[in-house]
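Structure assessment
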Amino acid sequence: MKMIVRAPAKLNLGLDSPFVHPDGSIEWRMVMTSIGLVDYVQVETIQSSAIKIRSDAGFLPNDRRNLAYQAAKLFLNLTHIKAGIIISIEKHIPVAAGLGGGSSDAAAVLRALNEMFQTGLSQKQLAMLGLQVDSDVPYCIYGRTALVEGRGEIVTPLKKLPKMWFVLAKPNVSVSTPRIIRRMVHTKIDHPNIDALLSGIQNDHYSQIVNNMGNALESITIANHPQISTIKERLLKYGADGSVMSGSGPTVFGVCPNETRARRVFNSISGFCSEVYLTQPECSMD
């Protein structure tokens, strides 16, 4: 059996943490959307008991450190299926960029195996399984605009976003998500207005969405990587209506109401930043 699954990148339109649990884990309240920047994940069964990872990105781990490997292992253990799996990942989402590429690949593996073996697990069951891999995997199981709460496992799908375009710019720096989160626990953070953002989505109101985007981790990451702030400023200067960092960074995205403006911003920021992407919400790509 063989199946190829799309694994879209995610953006955090809003990212907040209301509190930290006694065990040190983070309570999240986030608004996330999937975009048309995608990896392609091929899952194929083989006559062995091994899980093998292949990728066109030489820097990705091909062993149990890979989130797609971990997802396959958990699924096979849960379902007691004895099968070998080859997972081939065609990477387009930049790695360690705050775009959830590894989590989306893992979610793609879970969705593919559930369909290939006709195990009938619900999205909620797959999401809870994916939570054991990474906190972004549950959202990636759904892969549509959603409110994400708890430790990442409470996913409430939202309305389709109004028409908009995203220009993504990733500076050439690496960000350690665990390190940023550890600092967040001890740092006073700015809390974005998630309720106002949700209201904007519910009312199909482009300006209300853009004006209420925000990321509680942004100031922490910028303290170590000030070029993120510079990219935000340039995106706005070049014509984006709003700009915010995704996840723990370092990728920053600008929002535009139409393709013409987005292409102008894309062309302008491309002269300043080497990794730049132009895309739309995934639901607009259908």
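Going by the structure above, here's the rest.
Structure report, in brief. (Residues numbered from 1 in each chain as written. Predicted model: local features only at pLDDT ≥ 70, side-chain atom pairs only at ≥ 80, totals over all residues. Heavy atoms only, no water.)

**Considering the overall build of the protein chain**
The condition that has to hold: In DSSP terms, a helix is any run of H or I states spanning at least four residues, a strand is any run of E spanning at least two, and both are numbered starting from the N terminus. Residue exposure (1.4 Å probe, protein chains only): buried if accessible area is under 20% of the type maximum, exposed if over 50%, otherwise partly exposed. Throughout, a contact is declared for two residues whenever any of their heavy atoms are within 4.5 Å. The Shrake-Rupley method, run with a 1.4 Å probe, gives the accessible areas here. Residue values count only the displayed protein chains as cover.
Looking only at helices and strands, the protein chain has 10 helices and 11 strands in total. Along the three orthogonal principal directions, the C-alpha set of the protein chain runs to about 55 × 45 × 35 Å. Residues classed as buried in the protein chain amount to 55% of the 286 residues present. Of the contacts made within the protein chain by residues no fewer than 6 positions apart, 73% connect residues no fewer than 24 positions apart. Counting every atom, the protein chain has about 12600 Å² of accessible surface; 48% of that belongs to carbon and sulfur.

**Observations concerning the environment of S207**
Mapped onto the secondary structure, S207 falls in helix α7 (residues 206–211). S207 sits 35 residues away from G242 along the chain, and the two C-alpha atoms are 9.1 Å apart.

**Quick look at the packing of aromatic side chains**
Aromatic rings considered in pairs are described by the distance between their centres and by the relative angle of their planes. To keep it simple, the criterion reads: Note on ring pairs: Phe, Tyr and Trp rings are taken, using the six-membered ring of Trp, and paired if centres are within 6.5 Å. Classes follow the plane angle, with under 30 degrees stacked, over 60 edge-to-face and the rest tilted. The criterion is that NZ of a Lys, or CZ of an Arg, lies within 6 Å of the ring centre and within 35 degrees of the ring normal, and then a charge sits over that ring.
Counting across every chain of the model gives 1 aromatic pair. Aromatic pair F166 and F253: ring centres 5.7 Å apart, planes at 90 degrees, arrangement edge-to-face. Taken as a pair, F166 in strand β7 (residues 165–170) and F253 in strand β10 (residues 252–256) lie far apart in primary sequence, 87 residues in all. Directly above the ring of F272 sits R234, whose terminal nitrogen or CZ lies 3.9 Å from the centroid.

**Some thoughts on the packing of helix α2 (residues 101–116) against helix α3 (residues 123–131)**
As a reminder of what qualifies: Comment: axis = line fitted to C-alpha atoms, over the contacting stretch for helices; angle = value between 0 and 180 degrees taken between N-to-C directions. Oblique is the label for any angle not under 35 degrees, not over 145, and not in the 65 to 115 range, which are roughly parallel, roughly antiparallel and roughly perpendicular in turn. Each crossing gets its handedness from the near helix: less than a right angle anticlockwise from the far helix is left-handed, clockwise is right-handed. Residue classes follow a fixed rule: Ala, Val, Leu, Ile, Met, Phe, Trp, Tyr, Cys and Pro count as nonpolar, while Asp, Glu, Lys and Arg count as charged, and any other residue, Gly among them, counts as polar.
At a minimum axis distance of 10 Å, the contact between α2 and α3 shows a crossing angle of 135 degrees. It follows that α2 is oblique to α3 by the angle criterion. In terms of crossing hand, the pair formed by α2 and α3 is right-handed. Contact with α2, carried on its side by L110, R111 and N114, involves L126, L129 and G130 of α3 and no other residues of that element. When the residues that make up the contact of α2 with α3 are grouped by side-chain class, the tally is 3 nonpolar, 2 polar and 1 charged.

**Comments concerning the environment of A240**
Relative to the helices and strands, A240 resides in the loop between α9 (227–238) and β9 (242–245). Expressed as a C-alpha distance, the spacing of A240 and P257, which sit 17 residues apart in the sequence, is 8.6 Å. Ignoring anything within four residues of it in the chain, the contact list for A240 reads L235, G254, V255, C256 and V265.

**Examining the nonpolar core**
Stated precisely, the cut-off is as follows: The nonpolar core is taken to be a set of buried Ala, Val, Leu, Ile, Met, Phe, Trp, Tyr and Cys residues, with the residues joined through side-chain atoms within 4.5 Å.
Within the largest apolar cluster, 68 residues are counted, with the highest numbers of intra-cluster contacts made by V43, F75, I87, V109, L110, L235 and I269. Listed in part, the 27 residues of the second largest apolar core include L11, L13, V31 and I201.

**Comments concerning the packing of α9 against helix α10 (residues 259–270)**
Between α9 and α10, the shortest axis-to-axis distance is 9 Å and the interhelical angle comes to 135 degrees. The angle between α9 and α10 places the two elements in the oblique class. By crossing handedness, the relation of α9 to α10 is classed as right-handed. Here α9 contributes I231, R234, L235 and Y238 to the contact with α10, which in turn contributes V265, S268 and I269. Classifying every residue of the contact of α9 with α10 by side-chain character gives 5 nonpolar, 1 polar and 1 charged.

**What to know about the pairing of strand β3 (residues 51–55)**
Note the following rule: Two strands are counted as paired when DSSP detects at least two bridges linking them.
In the sheet, β3 pairs with strand β4 (residues 84–90) via 5 bridges, with the strands oriented parallel. What sits directly across from K52, in β4, is I86.

**Thoughts on the sheet that holds β9**
Strand order in the open sheet formed by 4 strands is β9-β10-β7-β11, and the pairing between neighbours is antiparallel. The two strands at the open ends of the sheet, each matched to only one other strand, are β9 and β11 (275–279). Going from strand to strand, the sheet's axes swing by 20 degrees on average, the running direction of each strand aside. The pairing of β7 with β11 spans 5 bridges and is antiparallel.

**Digging into α10**
For clarity, the cut-off: To estimate the expected span of a helix, subtract one from its residue number and multiply by 1.5 Å. What qualifies as a polar contact is a pair of N or O atoms within 3.5 Å, subject to a donor-acceptor requirement within protein and to the restriction that residues adjacent in sequence count only when both atoms come from side chains.
Given a rise of 1.5 Å per residue, 12 residues ought to cover 16 Å, and the 16 Å separating the end C-alpha atoms of α10 matches this to within 8%. Between a side-chain oxygen at the N-terminus of α10 and the backbone nitrogen of T260 the separation is 3.3 Å; the capping residue is N258.

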